[in-house]
Amino acid sequence: AQTVTQSQPEMSVQEAETVTLSCTYDTSESDYYLFWYKQPPSRQMILVIRQEAYKQQNATENRFSVNFQKAAKSFSLKISDSQLGDAAMYFCAYSYGGSNYKLTFGKGTLLTVNP
Amino acid sequence: EAGVTQFPSHSVIEKGQTVTLRCDPISGHDNLYWYRRVMGKEIKFLLHFVKESKQDESGMPNNRFLAERTGGTYSTLKVQPAELEDSGVYFCASSRVGTATQETQYFGPGTRLLVL
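Our subject in this report is the structure included herewith. (Residues numbered from 1 in each chain as written. Chains lettered and ligands numbered in written order. Predicted model: local features only at pLDDT ≥ 70, side-chain atom pairs only at ≥ 80, totals over all residues. Heavy atoms only, no water.)

Points about the overall build of chain A
Right, on to step 1. Counting its secondary structure elements, chain A contains zero helices and 12 strands.
Right, on to step 2. When the helices and strands of chain A are placed in sequence order, the string is β-β-β-β-β-β-β-β-β-β-β-β.
Right, on to step 3. In terms of overall dimensions, chain A is globule-like: its C-alpha atoms have a radius of gyration of 14 Å, near the 13 Å expected for 115 residues.
Right, on to step 4. Projected onto its principal axes, the C-alpha positions of chain A cover 40 × 30 × 20 Å.
Right, on to step 5. Evaluated residue by residue, chain A yields a buried proportion of 49% over its 115 residues.
Right, on to step 6. Restricting the contact set of chain A to residue pairs at least 6 apart, pairs at least 24 apart contribute 55%.
Right, on to step 7. By element, 44% of the accessible surface of chain A is carried by carbon and sulfur atoms, the whole surface being about 5700 Å².
Right, on to step 8. Averaging the positions of the 10 positive and the 10 negative side-chain charges in chain A gives two centres separated by 5 Å. (Helix = DSSP H or I, 4+ residues; strand = E, 2+ residues; numbered from the N terminus. Rg over C-alpha atoms; globule rule 2.2 N^0.38 Å. Buried < 20%, exposed > 50% of the residue type's maximum accessible area, 1.4 Å probe, protein only. Contact = heavy atoms within 4.5 Å. Areas by Shrake-Rupley, 256 points an atom, 1.4 Å probe, with all protein chains shown as cover. Lys, Arg positive; Asp, Glu negative; His and termini not counted. Charge placed at Lys NZ, Arg CZ, Asp CG, Glu CD.)

See the structure below:
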């Protein structure tokens, strides 16, 4: 069974600084998808960034980028120039694909941004 | 475009009672997923509909949970009778049918269920 592990229950960062959230996963599949979702306080979960396992290039979305290490089964999220609005619970997730893209989530990392 | 909506936002019931949660997906999204997060634990997959058909219900905890999606539009998740361990946040997500990119899941705000 696939598992996703986020070893940092909480992280904090100063505004304008950079922070990296860690995620490791376990799977026997060679083709899969990895995601970072963000859930701000009392708001809906939204997709931050997606990585296809067959792509060697790390995905980036503006200030958000990932470090995808397939052999190590590691998928960390880097947030550059942190903003107060980045404060949220961040979930790492895995999906195998095929006919069912159900997500397997980690426990989440609560990110605090200090002014 | 309206997002995924869920009703109610909160529900407090007593053990043994019945509760029905509702999810309205984004219009045109044939995929509908239910997930649950129990306090302090991971968000867990419950089941997946494609239109009105159950594609995968491997995550349903037991037969006290019944999910339906009549007509392939909104979905309901009924818990009967509710137990203390059913407390948690129930999320619904929807997506189009297509490639992995097209099947990006959009989440609702969740229903917070507390069983006393």
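Description of the nonpolar core
Right, on to step 1. Within the largest apolar cluster, 25 residues are counted, with the highest numbers of intra-cluster contacts made by Tyr25, Trp36, Phe75, Leu77 and Tyr90 of chain A.
Right, on to step 2. Looking at this core, the elements that each hand over two or more residues are strand E3 (19-21), strand E5 (33-39), strand E6 (46-52), strand E8 (64-69), strand E9 (74-79), strand E10 (88-95) and strand E12 (109-114) of chain A.
Right, on to step 3. Excluding residues that lie within four positions of it along the chain, Tyr90 of chain A makes contacts with Gln6, Leu21, Trp36, Tyr37, Lys38, Val48, Phe64, Leu77, Ile79, Gly108, Thr109 and Leu111 of chain A.
Right, on to step 4. Core analysis: the next-biggest nonpolar cluster, separate from the first, contains 21 residues, Ile13, Leu21, Ile26 and Leu46 of chain B among them. (Core = buried A, V, L, I, M, F, W, Y, C linked by side-chain atoms within 4.5 Å.)

Quick word on the interface of chain A and chain B
Right, on to step 1. Contact with chain A, which involves 18 residues of that partner, is made by 24 residues of chain B.
Right, on to step 2. Here chain A and chain B share an interface that buries about 1900 Å² over both sides, 52% of which is from carbon and sulfur atoms.
Right, on to step 3. Measuring nitrogen to oxygen at the nearest pair gives 3.0 Å for the salt bridge that ties Asp56 of chain B to Lys102 of chain A.
Right, on to step 4. Applying the counting criterion to the chain A and chain B interface returns nine residue pairs in polar contact (both at pLDDT 80 or more).
Right, on to step 5. Those elements that provide at least two residues to the side of chain A that touches chain B are E5, E6 and E10 of chain A. (Buried area = accessible area lost by both parts, 1.4 Å probe. Salt bridge = Lys/Arg side-chain N within 4 Å of Asp/Glu carboxyl O. Polar contact = N/O pair within 3.5 Å; in protein donor to acceptor, adjacent residues only side chain to side chain.)

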